[in-house]
Amino acid sequence: MKNNLHLSSEVIFNSGITRGVIIDTIRRELFYIDNSFIRILELIEKDSNESFEKMVKLVPLPELHKFFDFLVENELAFYSKGPGEFKRIDTSWEIPLEVINGIIDIDTDFSFYEKALSEFEKVDCRELQIRLFSDLDLTEFQKLVTIINQYEFHYVEIHLVKNSYIPEEEIRRVIENVWFVTNILIYGSEDNKIVRVINDTGDYFQISLGTISYLKQSLKQNGCGSISQHTFTWSKDNIRENISHNSCLNGKISVDRSGYIKNCPSMAKNFGNIASVSFRDVLNNNEFRGLWLINKDKINICKFCEYRKICTDCRAYLDNPDDIYSKPLKCGYDPFTARWEDWSTNPLKLKAMSVYGLV
Ligand code: SF4
Ligand code: SF4
């Protein structure tokens, strides 16, 4: 009787239409299994007296032992001498914040920037992404930084288009002087590279203040939302959030380049202009908040996918632009064949791509 086998606390599993997957959240490894073993994992997790009897009804004994060995060898499970009290990963999600993160897009009109920052502060938003699409000169850039330095955020990243007016020392200085600006991304760079900004006092200890990320790709409004195995999330908090909420839009509020308040700047639907509407009004709107609750179990195709607990999402670019429950356009995975393909060359996506100006 193997009723003293326990799943490791950091392991989760999920079934898909063609196969199941065991996710080791610490080692960031995936193990593919037949779906029949998902039921076995559920029984191991349940750890009741009848579990083993139920298991042998589902899978022949030699196969079952082989599966137990596979789990133990890969440190996905372990034996204990007694039943024990072993804590499994907690999949409930709760956070004492209404707004978790936000995006401000700025092009040539900066007039609403300060108002937007004060709205973010009023709703206690801690994490902000600022995307600057135009070629700013040094004075404009310094002015934007001076304004943001009057606020208190926990994490701010700035996305910039590379130009010759803002020298690298200036970008470095922003990370050194504004403690919550911890990542500046420069698009249109010659190479892809990441440079760490260190507080080098000459002492033994060096403190990393942030990073400058140089990216060859250009900064485009419709460049966001790509999904691949590289965008999977492994953090337990994010996985917990994914299970019950939308992995991109939950707790997000954004201002587009014309000052319109949206779930995400790339979405067509707006909830009024920041010049006359407060974030509070928008947060009280059920239509706005409804998108926060679209988890992968509600999304067509994704609900059959074994990756759905760790996959990110995008509601701005959809396979069917008229259906908010449609699969993300920029995902090339088909859970029915268990194969990844280049989504951008899929002829079935052409119509949606032309709607979004991606062709
Ligand atoms: S909804 Fe899509 S485009 Fe918008 S922020 Fe999320 S991933 Fe990006
Ligand atoms: S089908 Fe859905 S859940 Fe699966 S990888 Fe693509 S976007 Fe993620």
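Residues numbered from 1 in each chain as written. Chains lettered and ligands numbered in written order. Predicted model: local features only at pLDDT ≥ 70, side-chain atom pairs only at ≥ 80, totals over all residues.

Turning our attention to the overall build of the chain. Across its full length, the chain holds 10 helices and 15 strands. Based on the C-alpha atoms only, the size of the chain along its principal axes is roughly 75 × 60 × 40 Å. Per-residue burial for the chain yields a buried fraction of 31% across its 359 residues. (Helix = DSSP H or I, 4+ residues; strand = E, 2+ residues; numbered from the N terminus. Buried ≥ 20, exposed ≤ 12 C-beta atoms within 10 Å, placed from the backbone.)

Our next topic: the site of ligand 1. Cys224, Gly225, Cys248, Leu249, Cys264, Ser266, Cys314, Arg315 and Ala316 make up every residue found near ligand 1. Considering only residue class, the shell around ligand 1 consists of 6 nonpolar, 2 polar and 1 charged. (Near = placed C-beta within 6 Å. Nonpolar A, V, L, I, M, F, W, Y, C, P; charged D, E, K, R; others polar.)

Turning to its location among the elements, isoleucine 148 is positioned in helix α5 (residues 138-148). The buried category is assigned to isoleucine 148, around which 21 C-beta atoms lie within 10 Å. Taking the C-alpha atoms as reference points, isoleucine 148 and serine 118, 30 residues apart in sequence, are found 9.6 Å from one another. Among residues more than four places away in sequence, those in contact with isoleucine 148 are Leu117, Val156 and Val178. (Contact = placed C-beta atoms within 7 Å.)

This next bit is on the site of ligand 2. In the region of ligand 2, 13 residues are neighbours, and Cys302, Cys305, Cys311, Cys331 and Tyr333 sit closest. Tallied by class, residues from the shell around ligand 2 come to 10 nonpolar, no polar and 3 charged.

Their axes nearest at 10 Å, the elements helix α4 (residues 113-122) and α5 cross at an angle of 25 degrees. It follows that α4 is roughly parallel to α5 by the angle criterion. The chirality of how α4 crosses α5 is right-handed. Only Leu144, Ile147 and Ile148 of α5 make contact with α4, whose side of the interface consists of Tyr113, Glu114 and Leu117. Among the residues forming the contact of α4 with α5, the class breakdown is 5 nonpolar, no polar and 1 charged. (Axes fitted to C-alpha atoms, helices over the stretch in contact; angles between N-to-C directions. Parallel < 35°, antiparallel > 145°, perpendicular 65-115°, else oblique. Left-handed = near helix turned anticlockwise from the far one by under 90°.)

With that settled, the discussion passes to the domain arrangement of the chain. Splitting the chain by domain gives domain 1 (5-79) and domain 2 (101-286). Taking only C-alpha atoms into account, the centre of domain 1 sits 41 Å from that of domain 2. (Domains from an automatic or database assignment.)

Between helix α1 (residues 36-46) and helix α2 (residues 51-58), the shortest axis-to-axis distance is 9 Å and the interhelical angle comes to 175 degrees. What the angle tells us is that α1 and α2 run roughly antiparallel. Between α1 and α2, the contacting residues are Ser36, Arg39, Ile40, Leu43, Ile44 and Lys46 on the first element and Ser51, Lys54, Met55 and Leu58 on the second. Its residues assigned to classes, the contact of α1 with α2 comprises 5 nonpolar, 2 polar and 3 charged.

A few words on helix α3 (residues 61-73). Between its first and last C-alpha, α3 extends 18 Å over 13 residues, near the 18 Å set by a 1.5 Å rise per residue. Once α3 finishes, glutamate 75 follows within two positions and takes phi at roughly 55 degrees, a positive value. (Expected span 1.5 Å × (residues − 1).)

Attention shifts here to the sheet that holds strand β7 (residues 127-132). As summarised here, the arrangement of the 8 strands in space is β10-β11-β9-β8-β7-β6-β12-β13, forming an open sheet in which the pairing is mixed. Sheet topology places β10 (193-199) and β13 (261-262) at the edges, where each strand pairs with a single neighbour. Bridge count between β7 and strand β8 (residues 155-161): 5 bridges; the pairing is parallel. Bridging across to β8, glutamine 129 finds its partner in glutamate 157. Helix-sheet contacts for α4 involve β6 (101-106), β7 and β12 (252-255), and the interaxial angle to β6 is about 180 degrees. (Pairing = 2+ DSSP bridges.)

Phi is positive for glutamate 75, close to 55 degrees, though the residue is something other than glycine. Within the element layout of this structure, glutamate 75 appears in the loop between α3 and β5 (77-79).

The next subject is the sheet that holds strand β3 (residues 20-24). If you trace the 3 strands from one edge of the open sheet to the other, you get β2-β3-β4, paired in antiparallel fashion. Of all the strands in the sheet, the pair left with one neighbour each is β2 (11-15) and β4 (29-33). Strand-to-strand twist across the sheet, computed as the mean angle between neighbouring axes with direction ignored, equals 20 degrees. Two strands pair when backbone bridges link them, and β3 and β4 are joined in this way by 5 bridges, in the antiparallel orientation. From the neighbouring strand, aspartate 24 faces β4, where its bridge partner is glutamate 29. Across the sheet, α1 lies against β2, β3 and β4, angled at about 140 degrees from β2, the strand it touches most.

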